[in-house]
Amino acid sequence: MTFDIIGLCAERPDPAAAIAAVLPLSGGLTASTAKGRPLVQLCHPDGRLLLSIEEARLVRVPGEVRRVLGIGGETEVPHPVWWVECRAPESDPEAEAVARAFTDTLVGGTGGLSWSSR
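Read on for a plain summary of the structure. Fair warning: this is a prediction, and the values are worked out from it, not measured in the lab.

## Overview of the side chain of Glu 85
In this fold, Glu 85 is placed in strand β6 (residues 81-89). Setting aside residues no more than four positions away along its own chain, Glu 85 makes contact with Ile 5, Ile 6, Ser 52, Ile 53 and Glu 54.

Here is the structure:
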């Protein structure tokens, strides 16, 4: 299982800037790309995978994000919205903290909000 968190960005995100902001966490994370996939992985200095970040996707269909994620009408969701999905190992609290820090930094720079599986 994974802990999933999604950045719902009002402006086109710059994941590289957000990654650079969180690399100093946990004593110096490392970032690498997954060969053949639009995916960035953040790892702990001991080699543990902490976070996988997918490429941003533009969602243009009105109401689609609300429908897919079950977000109620009282929460403002940008439209259109850039969707940046991240996954962290379920059993690693440090991974969840890195995932939240990355998404907070991403959304802080673009406007919008985050959604998580818990």
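Once the structure has been displayed, the description carries forward.
## Some details on the nonpolar core
One finds Leu 42, Leu 51, Ile 53, Val 84, Cys 86 and Phe 102 to be the most contacted residues of the largest nonpolar core, which totals 20 residues. Listed by contribution, the elements that provide at least two residues to this core are β1 (2-9), α1 (15-22), β4 (49-54), β6 and α3 (93-110). For this core, the leading source of residues is α3, giving 5 residues. When near neighbours in sequence (up to four residues on either side) are disregarded, Cys 86 contacts Phe 3, Asp 4, Ile 5, Leu 51, Ser 52, Ile 53, Phe 102 and Thr 103.

## Some points on the pairing of β1
Across the 8 residues of β1, 7 count as buried, placing the element largely inside the fold. Two elements, β1 and β6, share 8 bridges in a ladder whose sense is antiparallel. If you follow Ile 5 over to β6, its bridge partner there is Cys 86. In this structure, β1 lies alongside strand β7 (residues 112-116), joined through 5 bridges in antiparallel fashion. Its bridge partner being in β7, Cys 9 is matched across the sheet by Gly 112.

What counts, and where the lines are drawn
- Residues numbered from 1 in each chain as written.
- Predicted model: local features only at pLDDT ≥ 70, side-chain atom pairs only at ≥ 80, totals over all residues.
- Heavy atoms only, no water.
- Helix = DSSP H or I, 4+ residues; strand = E, 2+ residues; numbered from the N terminus.
- Contact = heavy atoms within 4.5 Å.
- Core = buried A, V, L, I, M, F, W, Y, C linked by side-chain atoms within 4.5 Å.
- Buried < 20%, exposed > 50% of the residue type's maximum accessible area, 1.4 Å probe, protein only.
- Pairing = 2+ DSSP bridges.

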